[in-house]
Amino acid sequence: MRKVTRHPVEGPNALWQIYRTVSPWKGIKNFVCIQIARYCPILQVKNWIYRHMLGMKVGTHTAFALMVMVDVFFPEKITVGDNSVIGYNTTILTHEYLIDEYRLGEVVIGKNVMIGANSTILPGVLIGDGAIVAAGSVVHKDVAPGAFVGGNPLRELRSASSRSDLE
């Protein structure tokens, strides 16, 4: 189960009320910073933008591939551990704006994690140390340390214990 905080809203759908929860100036600043980082080929610069301009917690030697899209409104709720790789065109969300509510949840990606290209990580999930997420996956639940998961819906392709048998 994802760990999200639910916030009910009245009136039109929650997305129409976004600027009651997030300053429009924060949204604009974050959007510009994220777009620069998405196209930046220099990993150190990219990580500096994430840490200092967006407030994300990013470990040393973590690599975000080109076109990674982090949450525009709440990037400060993202933590990525040391030596992890976030694959091309991956999306990391920490919010969901629905009809009658919006939800917020931290995303914690451990150390030595590999996220395959074109994956989507939903709010409120924990991806354990050493886990591997196959390309094109939708991460809608926690991933155990060392597990190899993939697909939509997400399923375990190989458990952490069977991975350690192979090493």
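Up top is the structure these notes are about.
Definitions and cut-offs
Residues numbered from 1 in each chain as written. Predicted model: local features only at pLDDT ≥ 70, side-chain atom pairs only at ≥ 80, totals over all residues. Heavy atoms only, no water. Pairing = 2+ DSSP bridges. Helix = DSSP H or I, 4+ residues; strand = E, 2+ residues; numbered from the N terminus. Buried < 20%, exposed > 50% of the residue type's maximum accessible area, 1.4 Å probe, protein only. Core = buried A, V, L, I, M, F, W, Y, C linked by side-chain atoms within 4.5 Å. Contact = heavy atoms within 4.5 Å.

Peer 1: Give a detailed account of the sheet that holds strand β15 (residues 138-139), specifying residues and quantitative values.
Peer 2: Strand order in the open sheet made by the four strands is β4-β7-β12-β15, with parallel pairing throughout. Taken across any chain shown, the strands that pair with only one partner, and hence form the sheet edges, are β4 (69-70) and β15.

Peer 1: Any details on unusual backbone geometry? Residues and values, ideally.
Peer 2: Where the residue is not glycine, phi is negative for most of them; where a peptide bond is considered, it is trans in most cases. Omega for the bond connecting N152 with P153 falls within 30 degrees of zero, at 5°, which places this linkage in the cis form. If you trace the backbone, P153 turns up in the loop between β16 (148-150) and β17 (155-158). For H61, which is not glycine, the phi dihedral falls at a positive 60°. With respect to the element layout, H61 can be found in the loop between β2 (57-58) and β3 (63-64). Residue classification places H61 among the exposed residues on the basis of a relative accessible area of 67%.

Peer 1: Can you break down the pairing of strand β9 (residues 101-104) residue by residue, with the values?
Peer 2: On β9, burial covers both faces: E101 and R103 on one face and Y102 and L104 on the other are all buried. Looking at chain direction, strand β1 (residues 5-8) and β9 are connected through four bridges and run antiparallel. Bridging from a neighbouring strand, H7 pairs with Y102 of β9. With three bridges joining them, strand β8 (residues 95-97) and β9 adopt antiparallel strand pairing. Within β9, the position partnered with E96 by the bridge is R103. Where β8 hands over to β9, the hairpin turn is made up of three residues, counted between the paired strands.

Peer 1: Describe the nonpolar core, with residues and values.
Peer 2: In terms of nonpolar packing, the biggest core is built from 40 residues, with Y50, F64, V70, I92, I109, I121 and I127 touching the most fellow members. For this core, the secondary structure elements donating two or more residues are α1 (24-39), α2 (43-53), β4, β5 (78-80), β9 and β10 (107-109). A total of three residues in this core trace back to one element, the largest contributor, which is α1. If near-sequence neighbours (up to four positions away) are discounted, I109 is found in contact with T79, V80, G81, I86, I92, I121 and I127.

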